[in-house]
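# Close look at the chain arrangement
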Amino acid sequence: MSKIIVVTSGKGGVGKTTSSAAISSGLAMRGHKTVVIDFDIGLRNLDIIMGCERRVVYDFINVINGEASLKQALIKDKRLPQLFILPASQTRDKDALTMEGVEKVLNELSKEFEFIICDSPAGIETGAMMAMHFADEAIIVTNPEVSSVRDSDRILGILASKTKRAIEGGSPIVEHLLLTRYDGDRVAKGEMLSVEDVKDILAIPLIGIIPESKAVLKASNTGTPVVLDENSDAGSAYQDAIARFLGEDRPMRFIHAERKGILRRLFGRTKEEQPA
Amino acid sequence: MSILNFLRRRTATASVAKERLQIIISHERSQRNTPDYLPKLQEEILAVIAKYIPIDREKVTVNLERMGGSAVLELNVTMPEESIA
């Protein structure tokens, strides 16, 4: 039985594509056959984050319009044999993303893949609605910041009322909170909303905390999903989140500020600043 | 440590953020399941009332509450004092 997972947030720039790339790669690393779909028609970026931007020939819209087969459009990841990418169209033909077309593609993919990850665009326009519509589970990417939390709540409202499961009265979409760009240091100083604050407000179960990390930019620079950088803080935080998603019990890390020794305090050199 | 804590409290903006979020989100959630026509309905009802009584639009609330199988549309208009006399 295949599972459709939407990675969504409402707000832009919170880490949806980074998380989609990391989660799909992490699932594939663990041997699950996974496909990740870019729903951001006209502003495709999943391909560049995944490092396959030069291998795009056909896209999602081509498949919907019958101009290419799914097999032609799917890009096989070079690092992980179980991972495939379906890129978005870069032409601004947003209306091509029809409910029937999306459903057809998802149905076809679900015959072959264990997990279908839908990378939603920001906002609540067609692309975002389509990415959510057929989901079984949703990962709500949220930054500990007022506009992101508010938008996430709005998205939760839409998930509970406008999606297929909501309309047809099936069991509700399973929701997971993924808190990204978290800075335990600033939380300790009272400068940033804490995990508990965000959990209190959104009232959905937490699947992971991804710390603000230099590894994320490093990963996107080279087109390598950050989860493959297993020694990095963000990479291991995504590993934890994926393990929890698959039902494993892992304690939350990166909640609290890293205790700095007196020398570190004085000379202020943190781990990630050291040359690799 | 007390001086540090004092300084810390002055820069602790996270609690302000949480409070603001709780207020706006509870407000937005209460409107989440209201039908799309409600704002327009409110406008039109108000226009009719305003034809007869000078009312302060800030002092009007329209609420739609679901109770079991039925819904209650509640309209609260605060009348200006002169109009009662």
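The structure we're discussing is the one just above.
What comes next concerns the included structure. Worth saying up front: this structure is predicted, and the values here are computed from it rather than measured.

Take the pattern of salt bridges next. Taken as a whole and assessed by the stated rule, the structure comprises 19 salt bridges over all chains. Note that Glu-28 of chain B and Arg-150 of chain A form a salt bridge whose closest N and O atoms lie 2.7 Å from each other. You can see Glu-28 of chain B sitting in helix α2 (residues 14–32) and its partner Arg-150 of chain A sitting in helix α7 (residues 146–159), one on each of two chains. The partly exposed category is assigned to Glu-28 of chain B, whose relative accessible area is 26%. One salt-bridge network, held together by shared partners, links Arg-30, Asp-240, Arg-244, Glu-248, Arg-250 and Arg-253 of chain A.

What follows concerns the interface of chain A and chain B. In this complex, chain A contributes 16 residues to the contact, which on the side of chain B involves 14 residues. Counting each side, the surface lost to burial between chain A and chain B is near 1400 Å², with a carbon and sulfur contribution of 57%. The largest per-residue losses of area from chain A upon contact with chain B belong to Arg-150, Asp-153 and Ile-201 of chain A, which jointly make up 38% of the total buried on that side. Our count for the chain A to chain B interface comes out at four salt bridges. Asp-197 of chain A serves as the salt-bridge partner of Lys-18 of chain B, at 3.3 Å between the closest nitrogen and oxygen. The interface formed by chain A and chain B includes seven residue pairs in polar contact (both at pLDDT 80 or more). Secondary structure elements with two or more residues in the side of chain A that touches chain B: α7 and α10 (195–202) of chain A.

With that settled, consider the sheet that holds strand β5 (residues 115–119) of chain A. Residues and elements named next belong to chain A. Pairing in this open sheet of eight strands is mixed, and the strands run β3-β4-β2-β5-β1-β6-β7-β8 from one edge to the other. Every interior strand has two partners, whereas the edge strands, β3 (75–76) and β8 (206–211), have only one. Of the pairings in the sheet, the one linking β3 to strand β4 (residues 83–86) comprises two bridges and is antiparallel in character. Directly across from Lys-76, in β4, lies its bridge partner Phe-84. Relative to β5, helix α1 (residues 16–29) is tilted by about 170°, and along the sheet it contacts β1 (3–8), β2 (34–38), β4, β5, β6 (137–142) and β7 (174–182).

Residue and element names in this part refer to chain A. Counted according to the given criterion, the structure contains zero disulfides over all chains. Cys-52 takes part in no disulfide bond, and the closest cysteine sulfur to it belongs to Cys-118, at a distance of 16 Å. By relative accessible area, which is 3% here, Cys-52 ends up buried. The class for Cys-118 is buried, based on a relative accessible area of 1%.

This part covers unusual backbone geometry. Peptide bonds are, in most cases, trans, and in most cases residues other than glycine have a negative phi. All names here are of chain A. A positive phi is found at Arg-181, a non-glycine position, where the angle reads about 55°. Within the fold, Arg-181 resides in strand β7. For Ala-203, which is not glycine, the phi torsion reads 55° and is therefore positive. We classify Ala-203 as exposed; its relative accessible area is 60%.

Given 3.6 residues per helical turn, the α-helix brings residues three or four places apart onto the same face. Residues and elements named next belong to chain A. Counted at 1.5 Å a residue, the expected span for helix α5 (residues 99–110) with its 12 residues is 16 Å, and the 16 Å between its end C-alpha atoms agrees. Buried within α5 are the following residues: Gly-101, Val-102, Val-105, Leu-106 and Leu-109. Within α5, the buried residues cover an arc of 125° as seen down the axis, which keeps them to one side.

The next subject is the packing of α7 of chain A against α10 of chain A. All names here are of chain A. Interaxial distance between α7 and α10 falls to 10 Å at its minimum, and their mutual angle equals 35°. The crossing of α7 and α10 is right-handed. Side by side, α7 and α10 meet where Val-149, Ser-152, Asp-153 and Leu-156 of the first sit next to Val-198, Ile-201 and Leu-202 of the second. Looking at the contact of α7 with α10 residue by residue, the classes come out as five nonpolar, one polar and one charged.

Cut-offs applied
- Residues numbered from 1 in each chain as written.
- Chains lettered and ligands numbered in written order.
- Predicted model: local features only at pLDDT ≥ 70, side-chain atom pairs only at ≥ 80, totals over all residues.
- Heavy atoms only, no water.
- Salt bridge = Lys/Arg side-chain N within 4 Å of Asp/Glu carboxyl O.
- Helix = DSSP H or I, 4+ residues; strand = E, 2+ residues; numbered from the N terminus.
- Buried < 20%, exposed > 50% of the residue type's maximum accessible area, 1.4 Å probe, protein only.
- Contact = heavy atoms within 4.5 Å.
- Buried area = accessible area lost by both parts, 1.4 Å probe.
- Polar contact = N/O pair within 3.5 Å; in protein donor to acceptor, adjacent residues only side chain to side chain.
- Pairing = 2+ DSSP bridges.
- Axes fitted to C-alpha atoms, helices over the stretch in contact; angles between N-to-C directions.
- Disulfide = S-S within 2.5 Å.
- Expected span 1.5 Å × (residues − 1).
- Arc of directions from axis to C-beta.
- Left-handed = near helix turned anticlockwise from the far one by under 90°.
- Nonpolar A, V, L, I, M, F, W, Y, C, P; charged D, E, K, R; others polar.

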